[in-house]
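# Report on the structure
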Amino acid sequence: MKKLVFSLILILLFVQGCAAKKVTLRLATTTSVSDSGILSVLLDEFKKEYPSIDVDILAVGSGQAFELAKRGDADLLIVHSPADEQKFIEDGYGKERIPFMKNYFVVAGSPDDPCKIQGKTADEAFKVIAEKGCLFVSRADASGTNKKELSIWKEININTDGKEWYIKSGSGMGASLILASEKGAYILTDKATFMTVAYNKLPLKIFVENDNSLLNIYSIITLNPDKVPHVVALKGEINDFVNFITSSNTTRSIIEDFGKGKFGFPLFELLN
Amino acid sequence: MGIDIILRSLWIAFWALLFGSIFGISIGIWFALKTFKFKRVLFLILYLFLSLPPITIGLFLYLTFSRSGAFGFLGWLFTTKVMIIAQAIMATPLISIITFNSLEHRGKKIYETALLLGAKPHEIIRKILKEIRFSLGLAVATAFGKVISEVGASTLIGGDIEGKTRVMSTSILAETRMGNFNFALKQALALILISLAINFFILIWQGKTE
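Every chain is numbered on its own, with residues counted from 1 as its sequence reads. Throughout, the order in which chains and ligands are written sets their labels, letters from A for the former and numbers from 1 for the latter. Only residues with pLDDT of at least 70 are given local features in this predicted model, and only at 80 or more are side-chain atom pairs given and counted; all residues enter the totals for whole chains, interfaces and linings. Side-chain metrics rest on all non-hydrogen atoms present in the structure, leaving aside hydrogens and water.

### Thoughts on the overall build of chain B
The condition is simple: Numbering goes from the N terminus for both helices and strands, where a helix is a DSSP run of H or I of at least four residues and a strand is a run of E of at least two. For each residue, the accessible area found with a 1.4 Å probe, counting protein chains only, is set against the maximum for its type, and the residue is called buried under 20%, exposed over 50%, and partly exposed in between.
Scanning chain B for helices and strands turns up 10 helices and 0 strands. Along chain B, from the amino end to the carboxyl end, the secondary structure elements read α-α-α-α-α-α-α-α-α-α. The C-alpha extent of chain B, read off along each of the three principal axes, is 65 × 40 × 25 Å. In chain B, which comprises 210 residues, the proportion classed as buried is 49%.

See the structure below:
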C-alpha cells in the first residue's frame, strides 16, 4: 500500500512537472537550414518580439518534414524541395507556400579533384563522375538536396542503381559531408551547410558553383486546416511567425548579413 | 555550455530507471515466486523486448503518440515525457530479467523462510531486495548505460529540440553533424565521467548495505 501511494505521488509529480505553459509552434525544417545556424538567429529575434510564442525546431530531411506535417506532428514547414512542395499543396495538406530566401547548391569533393570536374557545369560534372566511376555520396533521404541530386541524374539519363561508386548515406547534410570527406568522394550540398560544416574543417573543396540550374529556394509552408485540423487553434501564432519570416525587416537584415562576418559573404540571399 | 543538456539527460534517465525499476523488479519477483499459466509466453515476450532495437520502440511510440495516433491527444510527442516512456520500456525487461535470474533458485527459499518466521509482506519484499542488491545494482547500472547512450529513439520521438528535448547522446550527433567536434567531444567526455561516477556510487552503495 505504501509503495502504491508513493508511486502514485511520483507519477503525479511527473505529470505536473511537464505541464505546458507557453504556446508552442513546431517548425519542421531541413537539416540544411538548422545546421547552418541561421534559424537559431532568426528564432532568437522572433522570441524577443513575441515572448509568448515558443518555436521548437524539428530538424529532419524534407521528406520526413512533409510526413510529420501530414500526421499533424508539425505546425509549419520550412523546406527547399519545390516539386514536393507543389505536390504537398495539391494533395490538400499545404495551404500557402511563400518562398523567402535562396542560395545555391554546389558540387564539392576531395581537394585533389580526382575526376577533374573543376569549372564544369553541374550536368557535365555529374556525367564525368558517372563515366569515370568516381565515388559520390548521395543523401538518399528524400531531402530537398537529395531530390535536387536525383533530378540531375535523371536529366542526364544516368541510372545510379547499385553502382559501386554511388554511396547512399541516408543521413543529414552535415553527416554526409563528413562521410564524403572520409571517402574522398564528391557530393552535392547546399553552400550554407558546406561553409558551416566543411569549410576549413574538412578536406573538401567546391568545384562547381554559380550554376543557375543549382538554385536552391527555401519556402515557408502553412498547413491546410481541412486536412490538419489542429492548426486552427494556432492560427494567430502561425500568422505572426509567417509574417516575421517573410516580411519583417529583422528577418531581411539577418538573411542579408548571416555569415558575412565569418566567411566574407552571406550564406543566404533574399529572393527579391 | 551544455550543462542543461547533461541535467536533462540525467533527469530523463532518473525517471526512466525509477519506473523501469518499479515495473522490472515487480515482474522479476513475481516471475520467480509464482507459477502460472502462460509464464513461458510472457518470458519469451520479456526476452524479445530485451533484444529489441531501441529504434523499433521509438518508431512504435512515434506512431502511438503522433497526433494521428491513439495517444496523440496527449500532445506528448517531442517532449521529455515520451522519452522517459521509451527509456523505461528499454530498462524494464533488463531489470526484470536480472531480478528473476538472481531469484530463480533462492527466491522461493527466502520467501518461505520469511513466511515461517512470520514476516509481513512488505518485510518479505525488503528481505528479498536486500538479498539480491548486487544483482539489482548491476541491473540498474546496465540499464543506465543503455538508456543514457541511446540515440535513435530519442531523436525520433524527442525531436532533438534545443532547450527542450536535446540530450547528451543526441547533442553529440547534432553537433558532429554541424562540424562542432569540440563540443561533441566534451559531451562525450562528460558522458563517460557521469557513467563512471554513477557506477562508482552503485558499487559504494552495494558495499554499505552489506
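And the narrative resumes.
### Here's the deal with the domain arrangement of chain A
All names here are of chain A. Stated formally: The domain boundaries here were taken from an automatic or database domain assignment. We call two residues in contact when some of their heavy atoms are within 4.5 Å. Once two parts are brought into contact, the accessible area they lose, counted with a 1.4 Å probe and summed over both, makes up the buried area. Salt bridge, as used here, is a side-chain nitrogen of Lys or Arg placed within 4 Å of a carboxyl oxygen of Asp or Glu.
In terms of domain boundaries, chain A breaks down into domain 1 (2-103 + 216-270) and domain 2 (105-214). Computed over C-alpha atoms only, the centres of domain 1 and domain 2 are separated by 28 Å. Contact with domain 1, which involves 17 residues of that partner, is made by 18 residues of domain 2. When the area that domain 1 buries against domain 2 is broken down by residue, the three leading residues are D35, N216 and F263, summing to 27%. The tally of links from domain 1 across to domain 2 stands at 1 salt bridge. In this structure, the salt-bridge partner of K147 is D84, at a minimum N-O distance of 2.7 Å.

### Structural notes on the interface of chain B and chain A
Operational definition: Any pair of nitrogen or oxygen atoms within 3.5 Å is treated as a polar contact; in protein, a donor-acceptor pairing is required on top of that, and neighbouring residues in sequence qualify only through side-chain atoms on both sides. Residue polarity follows a fixed list, in which Ala, Val, Leu, Ile, Met, Phe, Trp, Tyr, Cys and Pro are nonpolar, Asp, Glu, Lys and Arg are charged, and the others, Gly among them, are polar.
Contacts between chain B and chain A engage 26 residues on the former and 28 residues on the latter. When the two sides are added together, the surface that chain B and chain A hide from each other amounts to roughly 2,500 Å², 59% of it contributed by carbon and sulfur. It is R67(B), F78(B) and R177(B) in chain B that bury the most area against chain A; as a group they hold 27% of the surface buried on that side. The interface formed by chain B and chain A contains 3 salt bridges. In this assembly, chain B and chain A are joined by 10 residue pairs in polar contact (both at pLDDT 80 or more). The set of elements that each furnish at least two residues to the side of chain B that touches chain A consists of helix 1 (3-33), helix 3 (54-65), helix 4 (80-103) and helix 9 (168-177) of chain B. Counting residues per element, the side of chain B that touches chain A draws most heavily on helix 1 of chain B, at 4 residues. Here the residues of the side of chain B that touches chain A sort into 13 nonpolar, 9 polar and 4 charged.

### Some points on helix 10 (residues 235-247) of chain A
Residues and elements named next belong to chain A. Operational definition: Expected span, for any helix, means 1.5 Å times one less than how many residues it has. In this context, the arc is that of the directions from the helix axis out to the C-beta atoms.
Taking 1.5 Å of rise per residue, the 13 residues of helix 10 would be expected to cover 18 Å, and the 17 Å separating its terminal C-alpha atoms lies within 8% of that figure. Taken together, the buried positions of helix 10 are occupied by E237, I238, F241, V242, F244 and I245. For helix 10, the buried positions fall inside an angular range of 160° around the axis, keeping them on one side. More than 90 degrees from the buried face of helix 10, the exposed residues found are K235 and S247.

### Things to note about the packing of aromatic side chains
Both the distance between ring centres and the angle between the ring planes are used here to describe each pair of aromatic rings. For the record, the criterion: Classification of ring pairs uses Phe, Tyr and Trp, with its six-membered ring standing for Trp, and accepts pairs whose centres are within 6.5 Å; under 30 degrees between planes counts as stacked, over 60 as edge-to-face, and the remaining range as tilted. We count a charge as sitting over a ring when the NZ of a lysine or the CZ of an arginine lies within 6 Å of the ring centre and within 35 degrees of the ring normal.
Applying the stated criterion to the full structure yields 28 aromatic pairs over all chains. Judged by centre distance (6.1 Å) and plane angle (80°), the rings of W153(A) and Y166(A) are edge-to-face. With W153(A) in helix 7 (residues 144-155) and Y166(A) in strand 6 (residues 166-168), this pair connects stretches of sequence that are 13 residues apart. Assigned by exposure class, W153(A) and Y166(A) land together as buried. An angle of 75° between the planes, with centres 5.4 Å apart, marks the rings of F14(B) and W15(B) as edge-to-face. Residue classification places W15(B) among the buried positions, given a relative accessible area of 6%. Ring pairs connect the aromatic residues W30(B), F31(B), F36(B), F43(B), Y47(B) and F100(B), which therefore count as one cluster. Above the plane of the ring of Y93(A) lies K227(A), whose end atom (NZ or CZ) is 4.9 Å from the centre.

### Let's talk about the pattern of salt bridges
Tallying each qualifying case throughout the model produces 18 salt bridges over all chains. In this structure, R67(B) and D75(A) form a salt bridge, with 3.7 Å as the shortest nitrogen-oxygen distance. With one member in each of two chains, R67(B) in the loop between helix 3 and helix 4 and D75(A) in the loop between helix 4 (62-70) and strand 3 (76-79) form a pair that bridges those chains. Residue class for R67(B) comes out partly exposed when judged on its relative accessible area of 38%. Assessed through its relative accessible area of 2%, D75(A) is described here as buried. Linking E269(A) and K102(A) is a salt bridge whose minimum nitrogen-to-oxygen distance equals 3.9 Å.

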